[in-house]
Amino acid sequence: MLSLFPSPLARSPPRLLRFPSSSSNLSSRSSALRQSLRPQPSVVACAFNTTSVPMDSEASSSPSASVESVTRDFRNQTLDGGVKKRLEELTWDHSFVHELPGDPRTDVIPRQVYHACYSKVSPSVEVDNPQLVAWSESVAHLLDLDPKEFERPDFPVIFSGAALPVGSIPYAQCYGGHQFGTWAGQLGDGRAITLGEVINSKNERWELQLKGAGKTPYSRFADGLAVLRSSIREFLCSEAMHNLGIPTTRALCLVTTGNYVTRDMFYDGNPKDEPGAVVCRVAPSFLRFGSYQLHAARGKEDFKIVQALADYAIKHHFPHIENMSKSESLSFSIGNSDDSVVDLTSNKYAAWVVEVAERTASLVAGWQGVGFTHGVLNTDNMSILGLTIDYGPFGFLDAFDPSFTPNTTDLPGRRYCFANQPDIGLWNISQFATTISTAELISEKEANYAMERYGTKFMDEYQAIMTKKLGLPKYNKQLISKLLNNLAVDKVDYTNFFRLLSNVKTDSSIPENELLVPLKAALLDIGQERKEAWISWLQLYIQELANGGISDSERKSSMDSVNPKYILRNYLCQTAIDAAESGDFSEVRRLLKVMERPFDDQPGMEKYARLPPAWAYRPGVCMLSCSS
C-alpha cells in the first residue's frame, strides 16, 4: 500500500528547472505532495469566483436600447428583481468563434485540424420522441431562463440537439493533451458541441454545451453519442459538486434521445444497446490545459494561437490581470540572487499562469477534503478556470483507501488514485507552464514560480480545510496524520466518520469505554487493539479541542457546515440509473434534490447517507472505464 503520510511540502520547495516529460513517473518534487490527503469543500468554494465571470467591458457596451427592447426588459423583470426569459430571448454572444481562428471546413470527417481553435459543426444525433429526465432550476437562474421553459413540449427536442436554440452558433473545440502521462496529440471535443455563450443580466458569460449530440471532426472512430448511464452520472455529479462548494462545470438539463447506442462497457467483447442521452453542460468556459498544449506542440507557426488563446482567456475570464498596475508590487523572490525575482506586474501571462496554478491547487484541495476522486486527470480534462470538468469514472471514498481509483483503465498503476491527485495536479500544471513557456510567453523562472505557488497554495488550503473538518482551533499535523492512518487501517467510511465526529464532547471525564460511542456507527468490526488505537487518538483530539475553548454546540454547528451528510455515492447513482433505464426518472430527480442540501440533516432522507450495500462493489458500479 502507498506510504500515506510523507513530510509536508516545504513553503519554498526547490525549483523545477526541468518539466516532467511524457512518462508515468512523477517528479521527485511532486512526490512531496503525495498523500497530502486533504480538506473540505466550502472553505475552497469561494477562493475564486470561477462560476460567475464578468463579461469584458467592450462586449457589455451596446448602443442605446430601442423602445421595443426596453419594453421586453420590463416584461422579463419579476417582482423579486430577477429576470426570467424564454429560450428565444436569451442574449447570445460568440466571442470564442469571433475572436479566435477557426477551421475552414465544416464537415465532420475525422481528421487533424490545423491552425484552428474550433470547428463549426451542428448536432447530428438522431432522436425519436426525446424526453426530459432532469433539470436544474439553479442553473436556469444563472442564465435568466424562466423555469417554466422546462415545461415546453419542444424543450427536449432543442436540448437533445435535434433543433438548435435561436441565436446559437455550434462548434467543437480543438485541443490535445497528455493521457496517463503520455502525449496523445490532437483530441478535441469528440462528442461535445458548444452552442455559444449566454450573457445574463449580471453580465456573466455562460457557455452552453451539448454532450452526446453527435460526431465532430474530433470523434476519431467513435459515434459522438452518449448513453443514459454516463449522462445521469455527469448531470448529478455536476450539481452535487457545486452544492458541496467545489468549483465545477454545471448541468442545465438531461434528456433521452429515444434511440439506443451500442456500448461495450467492459471492453470484453460483449457490447449491448443502451438508451441514448444528451447533457447540457454549462460553464464560463470549457478551455482546458490541452487547448494550449496542442498548438504549442505543433511548432512556432502556432505559437501565435497560444498567445491568442491566452489573451482571450485573460480578457474574458481573468480581466483583473489585464488591469494590474505596477503599484501593486507583485514581486516575489524564488532564490538568493537578484535575477531570481519574479515580478507578476511586468508580464500578464506569468500572472495568469500563477493564478491558474493556484486555482488548480484549491480545486484539488477541495477534492481531497470531500473524498472525491476524479479518475481521469489527463491534461485535456483540466480546466484553466480551476473547475471540475469531464465526469467519467469518478467516485467518492466509501471505505477510506488512499489507493482508491474508480477507473478500471487506471488499475495497473493507479496513477489517478485518490492519494495521487495532489501530485497529478502539480504534474499537469508543469505541463501547462511548459506550454506557455514554449510559446515564449513566460520565462523558465516564471514557470517555476507558478509550480511553487501550486505547492504552497495546496498546503495552505489543505491545512485550513482539515482544521475546519475536525473543528480544531489550529492545524495539528501529527493529530491529523494519525487520524488518516487510523481511517486507512480500518477502512472507515470517510464521509460518515467526519459527520459523526462533531458529536464528540469536549469532556475529559468521559470513561474510556464510552469514548467511542459517538463514532460507533462508523467504527465497525474493529478488535480490541484497534479500539485502543482509536481511544488513544480521541483522547489527544479532545485535549486539543479543549485548548480551543469553543462550546460543543458551536463546534458541532461549524463542523456540520463543512462535513457533508450526503455525497453522490456510486451505488446511489446506479440505483437511479437502473430506474431511469426502465423509464422511471423519479429517482434521478429525488437524488438531485437530496444533493442540493448535502450539509442538512433532511429528516426522512437518511437512507441516502447509508453505507454501500454488497452489490455496490461489483464492476460497473464502484469502478468504470474511461469511456463509460
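Residues numbered from 1 in each chain as written. Predicted model: local features only at pLDDT ≥ 70, side-chain atom pairs only at ≥ 80, totals over all residues. Heavy atoms only, no water.

Per an unreviewed UniProt entry, the protein is named Selenoprotein O, and its organism is Kalanchoe fedtschenkoi. Quoted verbatim from the Cofactor (unreviewed entry) field of the UniProt record, the comment on the protein reads "Mg(2+)". UniProt's Sequence similarities (unreviewed entry) comment on the protein is quoted here verbatim: "Belongs to the SELO family." (UniProt positions renumbered as here; feature names shortened; annotations may be inferred.)

Take the packing of aromatic side chains next. The description of an aromatic ring pair rests on the distance of the ring centres and on the angle between the ring planes. The full count for this structure, using the stated rule, is 27 aromatic pairs. The ring of Phe394 carries the charged tip of Arg233 above its face, separated from the ring centre by 4.2 Å. The ring of Trp427 carries the charged tip of Arg415 above its face, separated from the ring centre by 4.7 Å. (Phe/Tyr/Trp six-rings, centres within 6.5 Å; stacked < 30°, edge-to-face > 60°. Lys NZ or Arg CZ within 6 Å of the ring centre and 35° of its normal.)

Bringing unusual backbone geometry into the picture now. Excluding glycine, residues mostly have negative phi values, and the peptide bonds linking residues are mostly trans. The phi dihedral of Asn129 is positive, around 55 degrees, even though this residue is not glycine. Position of Asn129 among the secondary structure elements: in the loop between β2 (118–120) and β3 (131–135). According to the relative accessible area criterion, Asn129 is exposed, its value standing at 59%. In the Ramachandran plot, Asp525 falls in the positive-phi region, its phi being about 55 degrees despite a non-glycine side chain. Tracing the backbone through its elements, the reader meets Asp525 in the loop between α16 (494–501) and α17 (528–548). (Helix = DSSP H or I, 4+ residues; strand = E, 2+ residues; numbered from the N terminus. Buried < 20%, exposed > 50% of the residue type's maximum accessible area, 1.4 Å probe, protein only.)

This part takes up the packing of helix α12 (residues 348–370) against helix α13 (residues 421–438). Look at α12 against α13: their axes get within 10 Å of each other, and the N-to-C directions meet at 165 degrees. It follows from the interaxial angle that α12 and α13 lie roughly antiparallel. Where α12 crosses over α13, the two elements pack in a sense that is right-handed. Contacts from Trp352, Val353, Val356, Ala357, Thr360, Val364, Trp367 and Gln368 in α12 reach Gln421, Pro422, Ile429, Phe432, Ala433 and Ile436 in α13. Residue composition of the contact of α12 with α13, by class: 11 nonpolar, 3 polar and no charged. (Axes fitted to C-alpha atoms, helices over the stretch in contact; angles between N-to-C directions. Parallel < 35°, antiparallel > 145°, perpendicular 65-115°, else oblique. Left-handed = near helix turned anticlockwise from the far one by under 90°. Contact = heavy atoms within 4.5 Å. Nonpolar A, V, L, I, M, F, W, Y, C, P; charged D, E, K, R; others polar.)

Here we take up the packing of helix α15 (residues 477–489) against α17. Here α15 crosses α17 at 150 degrees, and the two axes come no closer than 11 Å. In terms of orientation, α15 lies roughly antiparallel with respect to α17. Regarding α15 and α17, the two cross each other, and that crossing is left-handed. For the pair α15 and α17, the contacting residues are Leu479, Lys482, Leu483, Asn486, Leu487 and Val489 in the first and Arg530, Ala533, Trp534, Trp537, Leu540, Tyr541 and Glu544 in the second. Counted by class, the contact of α15 with α17 contains 9 nonpolar, 1 polar and 3 charged residues.

Looking now at the pairing of strand β10 (residues 272–283). With respect to burial, β10 is a largely interior element, 10 of its 12 residues being buried. Strand direction decides the pairing type here: strand β8 (residues 205–211) and β10, joined by 5 bridges, are antiparallel. Across the sheet, residue Leu210 finds its bridge partner in β10, namely Cys280. Note that strand β9 (residues 250–263) and β10 share 10 bridges and pair antiparallel. Following the sheet pairing, Ala251 is matched in β10 by Arg281. (Pairing = 2+ DSSP bridges.)

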